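An overview of the molecular structure
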Amino acid sequence: MTQFKRFLPLTGLLLAIGACTSNEIGNSKDVAPETVYQHYHIRYNESDGKVELQAQFRFGGSNGTTLVLNSPSSIQLDGQAIKVDSSKYGGAFYELSQPASQFVGNHKFVFTDINGKKYENGFAFLPVKLSTVPSTASKQQGLTLSFDGSTLQPGDRIEVSSSATDSTFSISHEVTGNQYAVEIPAKQLARQKGEKLMLDIHVARNIPLQQLTKEGGEMAYRQQLKTVKLKLAQ
């Protein structure tokens, strides 16, 4: 995934993209290893405290036929084999869930192709956090949401959107340098008729793969923070 998308359960994400990607299922033994496209997706929802990880392999590029890895081909995360699953719209994929509290740190996917060649691709799981969580805001002033810069990276996309309100808005921010704050203009708060406001916050990150086949691949990290609930003052 190379664009920011609203968060969905991983199986729901497969449904959402099914219209433009193949849901056909093939076998890795039937294709040349260098034609296998690697896709890895890491999703974290701060509210449920779980990290969901998915690996998917395709023949014919990012939208091609999904593949079941035939022995000796396999996919592992930190030495743990991931089992294949499938859905009507998403094809074949490999998925597991881990508790976020025990998952912070460095991790590694290892894909072994049908000839036994290994492709190792690592990533760090460091959840993005707000520096402070505001509880109030003024309709007459803008609101600054400051994030912990130690867990953000240049190029990260942050989207803040209002929910459960009659005056919705959405603000997108790309992290550059040390710009770790998202500004909500006063005009957006002034439009709110109620005395309460809820903010949904999502972070999207694309992680370069270290070892690719000739066909290529991608890794994406998506996080949904806990909803921020604000009391609005005049």
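Provided above is the structure to which this section pertains.
Residues numbered from 1 in each chain as written. Predicted model: local features only at pLDDT ≥ 70, side-chain atom pairs only at ≥ 80, totals over all residues. Heavy atoms only, no water.

**Brief notes about the overall build of the chain**
From N to C terminus, the chain includes two helices and 18 strands. Expressed as lengths along the three principal axes of its C-alpha atoms, the size of the chain is roughly 65 × 35 × 30 Å. Looking at the chain residue by residue over its 234 residues, the buried ones come to 49%. Of the accessible surface of the chain, which amounts to about 11,500 Å², a share of 47% is contributed by carbon and sulfur atoms. Each charge sign in the chain was given a centre, from 24 positive and 21 negative side chains, and these centres are 5 Å apart. (Helix = DSSP H or I, 4+ residues; strand = E, 2+ residues; numbered from the N terminus. Buried < 20%, exposed > 50% of the residue type's maximum accessible area, 1.4 Å probe, protein only. Areas by Shrake-Rupley, 256 points an atom, 1.4 Å probe, with all protein chains shown as cover. Lys, Arg positive; Asp, Glu negative; His and termini not counted. Charge placed at Lys NZ, Arg CZ, Asp CG, Glu CD.)

**A closer look at the pairing of strand β4 (residues 65–68)**
Here strand β1 (residues 25–27) runs beside β4; their pairing, made up of three bridges, is parallel. Each residue of the ladder has a partner; that of Ile25, found in β4, is Thr66. Two strands pair when backbone bridges link them, and strand β3 (residues 50–59) and β4 are joined in this way by two bridges, in the antiparallel orientation. Bridge pairing links Arg58 to Thr66 in β4. As consecutive antiparallel partners, β3 and β4 are separated by five residues, and within that stretch Gly60 has a phi angle of approximately 95°, a positive value. (Pairing = 2+ DSSP bridges.)

**Topic: the packing of aromatic side chains**
Tallied over the full model, the rule gives ten aromatic pairs. Residues Tyr40 and Phe57 carry aromatic rings whose centres are separated by 6.1 Å and whose planes lie at 85° to one another, so their mutual orientation is edge-to-face. With Tyr40 in strand β2 (residues 36–45) and Phe57 in strand β3, the pair connects residues that are 17 residues apart, well separated along the chain. Relative accessible area serves as the criterion here: at 0%, Phe57 is assigned to the buried category. Seen in terms of ring centroids, Phe103 and Phe125 are 5.5 Å apart; in terms of plane orientation they differ by 55°. Their pairing is tilted. Pair noted here: Phe103 is in the loop between β8 (91–99) and β9 (105–112) and Phe125 is in strand β10 (residues 118–125), with a separation of 22 residues, a long-range link. Each member of the pair Phe103 and Phe125 is classed as buried. (Phe/Tyr/Trp six-rings, centres within 6.5 Å; stacked < 30°, edge-to-face > 60°.)

**Quick look at the pairing of β9**
Taking burial as the measure, the eight residues of β9 include six buried ones, the bulk of the element. In the sheet, strand β5 (residues 74–77) pairs with β9 via four bridges, with the strands oriented antiparallel. Looking at β9, one finds that Ser74 is bridged to Thr112. Sheet topology places β9 next to β10; eight bridges connect them, and they run antiparallel. Looking across to β10, one finds that His107 is bridged to Phe123. Taking the residues that link successive antiparallel strands as the turn, the β9-β10 hairpin has five residues, and the phi of Gly116 there is positive, at about 90°.

**As for the environment of Asn106**
Summarising the element assignment, Asn106 is placed in strand β9. The class for Asn106 is exposed, based on a relative accessible area of 67%. Each C-alpha atom, one on Asn106 and one on Thr151, is 13 Å from the other, the two residues being 45 residues apart in sequence. In contact with Asn106, other than residues within four places in its own chain, are Phe123 and Ala124. (Contact = heavy atoms within 4.5 Å.)

**Details of the environment of Leu143**
Structurally, the position occupied by Leu143 is in strand β12 (residues 143–146). Linking Leu143 and Tyr40, residues 103 residues apart in sequence, is a C-alpha distance of 35 Å. Not counting residues within four places of it along the chain, the set of residues in contact with Leu143 comprises Pro134, Thr136, Ala137, Val182, Glu183, Ile184, Leu189, Leu199 and Leu230.

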